[in-house]
Amino acid sequence: MVHQQRSAARLSPSSDTEDIVTLLAPRLSYFAGVARTEHVTRAAQEMQVPQSTLSRAMVRLEQDLGVDLFARRGRTVSLTPAGRTFLASVERALAEIERAADEVRADADPATGKVAFGFLHTMGAETVPGLLHAFRADHPRVRFTLVQNYGEAMIERLRSGELDLCLTSPVPDAPDLVSRRLDEQKLRLVVPADHRLATRRRVRLAEAADETFVTLEPGYGLRRITDDLCKEAGFRPRIAFEGEEAETLRGLVAAGLGVALLPPPAVPRPGVAELTVTSPRAAREIGVAWLDGHPDTPPVAAFKKFLLARKGNLLP
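A. Here's a closer look at the overall build of the protein chain. Assigned secondary structure in the protein chain consists of ten helices and 13 strands. The C-alpha radius of gyration of the protein chain comes to 31 Å, more than 25% above the 20 Å expected for a compact globule of 316 residues. In terms of its C-alpha atoms, the protein chain occupies a principal-axis envelope of roughly 95 × 45 × 35 Å. Residues classed as buried in the protein chain amount to 43% of the 316 residues present. For the protein chain, the share of sequence-separated contacts (at least 6 apart) that also reach a separation of at least 24 residues comes to 74%. Carbon and sulfur atoms make up 50% of the accessible area of the protein chain, which amounts to about 16900 Å² in all. Computed over 42 positive and 41 negative side-chain charges, the separation of the two mean positions in the protein chain equals 3 Å.

What follows is the structure, encoded as structure tokens:
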């Protein structure tokens, strides 16, 4: 049977895709059910909808498309060539919707769901692995998507929905975010092992005013803290190198290319001396942040509760 173009089509070829989807989407599963059984009554029974509802939906679907999808013989129907073409795409679309539904349900499962967790690069070597190990003692099957980045980039990923939670510094203060201070990490002045200050255990930051600094790039929280502490100490740092990762900066210091304000390393680095800064007080706050009003899945809620319970005991 050659399908006929209906003269009373509700959609023209120039109709917006959004309009087409709005009109057609609610009836696609009905169409697939009728196409599978080739019988309106049987399809209605399987889908537990009134037969009249199903019949009207198929008529309206054909009217909206402007083509015959079925050849009818009483309550028995068969697909037209247009119907077979349409069915192939509908089945793929419905399968993709089912896959997506299964995925989001799995991600929200209290026992096996997923948490998208962001953290600073300096938290990656020791702090975050320890946290995950402790959390999974009680939640062994919860899965994690881990993202290492600098603070501002993670905040944007929170806002876009790519992250559920992030550990960052400085602790953000924004109306669309909720943040909680969890711990404080002292910063050290790191100098080459043969530096004039290397034999000292303590130092005032002002004593490094004439030094060349290596720092993280602008936009990183630690860079902002470095600039602010130097300003408080009465000088503006002369910067020779800017990088993206604290341990790379330590390597630059070890090579004699400058000094740096850095958090303690996970493993002691040869070739450098790490000095306690007595003035100004050199420390950074570490906190957890999430998007205000964003509903938590059970695994996210459990991990958030775990992090908040570690206040004052977050860092190793």
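B. Structural detail: the packing of aromatic side chains. For the structure on display, the rule yields eleven aromatic pairs. Between the aromatic rings of F303 and F306, the centroid separation amounts to 5.9 Å while the plane-to-plane angle is 20°, which identifies the pairing as stacked. Pair noted here: F303 and F306 are both in helix 10 (residues 298-309), with a separation of three residues, about one helical turn. Classification of F306 by relative accessible area gives buried; the value is 16%. Every member of this aromatic cluster is reached through a ring pair, and the members are F117, F119, F135, F144, F303 and F306.

C. Focus on the side chain of R250. When you line up the elements, R250 lands in helix 9 (residues 246-254). R250 sits in the buried class, given a relative accessible area of 1%. Sequence-distant contacts of R250, that is, excluding residues within four places in its chain, are made with V190, L262, P263, P264, P265, R269, V272 and E274.

D. Local environment of unusual backbone geometry. Each neighbour pair has its own omega, and for S169 with P170 the value is -5°, a cis peptide bond. When you line up the elements, P170 lands in the loop between strand 5 (165-168) and strand 6 (177-186). Note that the residue after S279, namely P280, is joined by a cis bond; omega there is -10°. Topologically, P280 is positioned in the loop between strand 12 (272-279) and strand 13 (283-291). Of note in the backbone geometry, E38 takes a positive phi value of approximately 55° without being a glycine. On the secondary structure map, E38 appears in the loop between helix 2 (28-37) and helix 3 (40-47).

E. Focus on the nonpolar core. Formed by 35 residues in total, the largest nonpolar core has its most connected members in F117, F144, L165, L167, F303, L307 and L314. Within the residue set of this core, elements represented by two or more residues are strand 3 (114-119), helix 6 (127-135), strand 4 (143-148), helix 7 (151-159), strand 5, strand 6, strand 13 and helix 10. If one sorts the elements of this core by residue count, strand 13 sits on top with five residues. Discounting chain neighbours no more than four positions away, the residues touching L165 are A116, F117, G118, L158, V288, A289, W290, V300, F303, K304 and L307.

F. Structural detail: the sheet that holds strand 4. Read from one edge of the open sheet, five strands run 4-3-5-13-6, paired in mixed fashion. With partners counted over all chains shown, the strands left at the sheet margins are strand 4 and strand 6, one partner each. Strand-to-strand twist in this sheet, taken as the mean axis angle between neighbours without regard to direction, amounts to 20°. Inspection of the sheet shows strand 3 paired to strand 5 by three bridges, in the parallel sense. Within strand 5, the residue paired with F117 across the bridge is L165. Sheet strands in contact with helix 10 are strand 3, strand 4, strand 5, strand 6 and strand 13, and its direction is about 40° off that of strand 3.

G. Examining the packing of helix 2 against helix 4 (residues 51-65) more closely. Packing of helix 2 against helix 4 leaves a shortest axis separation of 10 Å and a crossing angle of 105°. If you check the angle between helix 2 and helix 4, you find them roughly perpendicular. On helix 4, the residues that touch Y30, F31 and V34 of helix 2 are T53, L54, A57, M58 and L61.

H. Representation of the pattern of salt bridges. For the structure shown, the criterion picks out 25 salt bridges. Residue E46 pairs with R36 through a salt bridge whose shortest N-O separation is 3.5 Å. Placement of E46 in helix 3 and of R36 in helix 2 is noted, with a sequence separation of ten residues between them. E274 serves as the salt-bridge partner of R188, at 3.4 Å between the closest nitrogen and oxygen. Taken as a pair, R188 in strand 7 (residues 188-192) and E274 in strand 12 lie far apart in primary sequence, 86 residues in all. Taking relative accessible area as the criterion, E274 reaches 22% and is therefore assigned partly exposed. When salt bridges with common partners are traced through the structure, they connect R181, E184, R281 and E285 into a single cluster.

What counts, and at which threshold
- Residues numbered from 1 in each chain as written.
- Predicted model: local features only at pLDDT ≥ 70, side-chain atom pairs only at ≥ 80, totals over all residues.
- Heavy atoms only, no water.
- Helix = DSSP H or I, 4+ residues; strand = E, 2+ residues; numbered from the N terminus.
- Rg over C-alpha atoms; globule rule 2.2 N^0.38 Å.
- Buried < 20%, exposed > 50% of the residue type's maximum accessible area, 1.4 Å probe, protein only.
- Contact = heavy atoms within 4.5 Å.
- Areas by Shrake-Rupley, 256 points an atom, 1.4 Å probe, with all protein chains shown as cover.
- Lys, Arg positive; Asp, Glu negative; His and termini not counted.
- Charge placed at Lys NZ, Arg CZ, Asp CG, Glu CD.
- Phe/Tyr/Trp six-rings, centres within 6.5 Å; stacked < 30°, edge-to-face > 60°.
- Core = buried A, V, L, I, M, F, W, Y, C linked by side-chain atoms within 4.5 Å.
- Pairing = 2+ DSSP bridges.
- Axes fitted to C-alpha atoms, helices over the stretch in contact; angles between N-to-C directions.
- Parallel < 35°, antiparallel > 145°, perpendicular 65-115°, else oblique.
- Salt bridge = Lys/Arg side-chain N within 4 Å of Asp/Glu carboxyl O.

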